[in-house]
Amino acid sequence: KAGVTQTPRYLIKTRGQQVTLSCSPISGHRSVSWYQQTPGQGLQFLFEYFSETQRNKGNFPGRFSGRQFSNSRSEMNVSTLELGDSALYLCASTRTGPAGGYTFGSGTRLTVV
Amino acid sequence: KNEVEQSPQNLTAQEGEFITINCSYSVGISALHWLQQHPGGGIVSLFMLSSGKKKHGRLIATINIQEKHSSLHITASHPRDSAVYICAVSRMEYGNKLVFGAGTILRVKS
């Protein structure tokens, strides 16, 4: 079966711009969670969507937002980009509850210049 | 104090050695996850544990719920095991949010 697909793989943006990243979960998985990975902070939770509803949100500014569509595909948006937003953004999908297995996408590497 | 602590931060081993990576957590959890990340970024889920022990090939993961501690063991290590190993926990009240340890950078030399 197809894995979790994230697009694009690489992205270079300028400070002040906005960016939209996409995540297509494994078929049948209704939960998509997003994470930011930086060398300084490691992996941090951004938000989780389940059946088109945001269930949980991490400690990030309002410039970070997301949504989920009826087919479970999810997008995250970052507005007014800052240099510190440069990171690897990963999404993971899971079918069941918190004790279910997670499948990660390959990530989108965002560079803000 | 972080909810999830891993040790060691860095580990260098000779090919064939037995390797142990430790993870301690401070809260009640639904499950503990061991993840592997190779250069380039992709993360692979190795194990999900809520009790006991699991084995897959040369990898063994154990968890002690009472002591809030888990270990990942690699037997007969090989250079292809070189990667970052990350411990993460999930909790029922967090939904599907994962909380991560800082990771252990493993290098296996031939």
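Chemist: So, the pairing of strand β5 (residues 43-49) of chain B: which residues are in play, and what are the values?
Modeler: All names here are of chain B. In the sheet, strand β4 (residues 31-37) pairs with β5 via six bridges, with the strands oriented antiparallel. Among the inter-strand pairings, Q37 is bridged to a residue of β5, identified as I43. Linkage of β4 to β5, two consecutive antiparallel strands, is achieved through a turn of five residues, within which G40 is found at a positive phi near 105 degrees.

Chemist: Describe the sheet that holds strand β8 (residues 69-74) of chain B, listing the residues and the values that go with them.
Modeler: All names here are of chain B. On the basis of which strands lie adjacent, the open sheet formed by five strands has the order β1-β3-β8-β7-β6 and antiparallel pairing. For this open sheet the edge positions go to β1 (4-7) and β6 (52-56), each flanked by a neighbour on one side alone. Neighbour-to-neighbour, the strand axes of the sheet open up by a mean angle of 15 degrees, direction not taken into account. One ladder, built from six bridges, connects strand β7 (residues 59-64) with β8; its direction is antiparallel.

Chemist: Describe the interface of chain B and chain A, with residues and values.
Modeler: At the junction of the two partners, chain B supplies 21 residues and chain A supplies 23 residues. In total, chain B and chain A occlude about 1,600 Å² of area from one another, counting both sides; carbon and sulfur atoms represent 60% of this. Considering only the side of chain B, the residues that lose the most area to chain A are B:I43, B:N96 and B:F100, jointly responsible for 38% of the buried surface there. Summed over the shared surface of chain B and chain A, the number is zero salt bridges.

The rules behind each value
The written sequence of each chain sets the order in which its residues are numbered from 1. For naming, the first written chain is A and the first written ligand is 1, with later ones following in the order written. The predicted origin of the model limits local features to residues at a pLDDT of at least 70 and limits the giving and counting of side-chain atom pairs to 80 or more, whereas totals for whole chains, interfaces and linings rest on all residues. To obtain the side-chain values, all non-hydrogen atoms of the structure were used and water was disregarded. Whether two strands pair depends on DSSP finding at least two bridges between them. Counting from the N terminus, the helices are the DSSP runs of H or I reaching at least four residues and the strands are the DSSP runs of E reaching at least two. A fitted line through C-alpha atoms serves as each axis, taken over the contacting stretch for helices, and the angle formed by two N-to-C directions is quoted from 0 to 180°. The contact criterion used throughout is that any non-hydrogen atoms of two residues lie within 4.5 Å. A simple way to read buried area is as the amount of 1.4 Å-probe accessible surface that goes missing from two parts once joined, with both sides added. Each reported salt bridge corresponds to a side-chain nitrogen of Lys or Arg within 4 Å of a carboxyl oxygen of Asp or Glu.

Honestly, it's all geometry; don't read function into it.
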